[in-house]
Amino acid sequence: WEFNGSFYQPSAFLMMGIPGLEALHHWISIPFCALYLLALLGNCMILFIVKKTQSLHEPMYYFLSMLAVTDLGLVLCTLPTTLGIFWFNMRRIGFDACLTQMYFIHILSFIESSVLLAMAFDRFIAISHPLRHSSILTKTTVIKIGLAIILRGVVSVLPIPFLLKRLTYCEKTELSHSFCFHPDIMNLACADIKVNVFYGMIILLSTVGMDFIFIVLSYILIIKTVIGLATKEECLKALNTCVSHICAVLVFFIPMVGLSMIHRFGKNVPPLINTLVAYTYLIIPPALNPIIYSIKSSHIREALLRALWRK
C-alpha cells in the first residue's frame, strides 16, 4: 500500500474468475479458448478478405473492417488476464496496469458502439438514397468518420483514470471480474465517488446511449423507406441487407447495458450472474460478429470461398 497522510492507494488489485467454480477453471478455460480463437481467426479473416477483394472496397465493408479491428482489440485486452486466471491462477494486477486495461476496454467499447452507428447510417443511405450512396460516403468521408470515432472514444474516457487515481481506497482490493471495469474499481474506494458516478453516467448516455437512439431512428427511417417500395420482393431484399447489422447491434448493446445496470443498481444480483453478463459483453460479440456477417453476406462468403479455392 502507498500511504500519504490519509491517502491510501493499493499497489495492486485481485481479479476474480468465476465465483464458486474456481476448482473447475481449467475445464472452463476450454470454451473460453475456443471463443477467443474464433474471435481472433474470424476477425482476421474479415480483414484479410476485405483487403484482398477489390469488389469489397465499399463503405459497408470499410466499416465492417473497423468493427473487426475493434473486436480484435477487445479480445487482446481481456485474453491475458482471463486465461492467466483460468490456467495459472494469476489474480494479481498492478494498479496502473489495471487502469490501463480499463481505459482501453472502455475506449474500444465506445468505438464499437460508434462503428455500429456508422454502419446503420450506411444502411440508411444505401436503402433511402441508393443513387447518391457512393457520392455521400466517399473513401475520404469514411476515413474522417473513422478518425472522429477514435477521437471521440479517446477523449471521452481520458478523465476516468485520473478520477480513479485521486480516490483513496479501502483494504478490500478484490475485483468482480477477470478484467478491470470502471464501476468495479470505483466501488472499492472509501472516498466520495459521486463525481465518478456522475461522469460515468454522462459519458455512457452521451456515447452509447445516443448511438443506440440514432441507430433506432435510422431503422425507423429505413422501415419507412422500405414500406414505400413497389413490391414485396424489393422490400424483403432491402431488409435482408440489414439483418446482420441488427444482430450485431443486439449482441453488443444488450449485455453492455445489462452489465452497466448491474454495477450501478444491482447490489443484490448473484456474483455468478454478474460474471456471466460481463463475459457475454466482452467475448461473445467479437466471436459472433464474423460468423453473423459470413452467414448473411453473400459477398463475404463468395470472397472466402475464392480465397480457400486458390489455396
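Further up the page is the structure itself.
Report follows, based on the coordinates. Just so we're clear, the structure is a prediction, and the values are computed from it rather than from any experiment. (Residues numbered from 1 in each chain as written. Predicted model: local features only at pLDDT ≥ 70, side-chain atom pairs only at ≥ 80, totals over all residues. Heavy atoms only, no water.)

### Some points on the overall build of the protein
The following threshold applies: Comment: elements are numbered from the N terminus, with helices defined as DSSP H or I runs of at least four residues and strands as E runs of at least two. Throughout, radius of gyration means the C-alpha value; the globule benchmark is 2.2 Å times the number of residues raised to the power 0.38. The classification of residues rests on relative accessible area computed with a 1.4 Å probe and restricted to protein chains. Under 20% of the type maximum is buried, over 50% is exposed, and intermediate values are partly exposed. Here a residue-residue contact requires only that any non-hydrogen atoms of the pair lie within 4.5 Å. Residue exposure ignores everything except the shown protein chains as possible cover, and the areas themselves are Shrake-Rupley values with a 1.4 Å probe. In this count, Lys and Arg are taken as positive residues and Asp and Glu as negative ones, while His and the chain termini are left out. We put the charge of a Lys on NZ, of an Arg on CZ, of an Asp on CG and of a Glu on CD.
Within the protein one finds twelve helices and four strands. Radius of gyration (C-alpha) of the protein: 21 Å, near the 19 Å computed for a compact globule of 311 residues. Its C-alpha atoms put the protein at 70 × 45 × 35 Å along the principal axes. When the 311 residues of the protein are sorted by exposure, 50% land in the buried category. For the protein, the proportion of contacts with a sequence separation of at least 24, taken over those separated by at least 6, is 80%. Counting every atom, the protein has about 15600 Å² of accessible surface; 72% of that belongs to carbon and sulfur. Here the protein carries 23 positive and 15 negative side-chain charges, and the mean point of each set is 8 Å from the other.

### Some details on the state of the cysteines
Using the following cut-off: Pairs of cysteine sulfur atoms within 2.5 Å are what we label disulfides.
Applying the stated criterion across every chain, the model contains two disulfides. One disulfide bridge connects Cys 98 with Cys 180, the sulfur atoms lying 1.9 Å from each other. Between Cys 98 and Cys 180, the S-S dihedral sits near -120°, and the bridge is therefore left-handed. Here Cys 98 is found in helix α3 (residues 95-128), whereas its partner Cys 180 is found in the loop between α6 (159-165) and α7 (182-186), with 82 residues between them in sequence. Comparing Cys 98 with Cys 180 shows no difference in burial state: the two are buried. Here the cysteine-cysteine linkages of the protein are recorded as 1-3, 2-4, numbering only bonded cysteines and doing so in sequence order. The closest cysteine sulfur to the non-disulfide-bonded Cys 77 is located on Cys 180, 11 Å from its own sulfur. Here Cys 247 stays unpaired: no disulfide links it, and the sulfur of Cys 242, its closest cysteine neighbor, is 11 Å away. For Cys 247, a relative accessible area of 30% corresponds to the partly exposed category.

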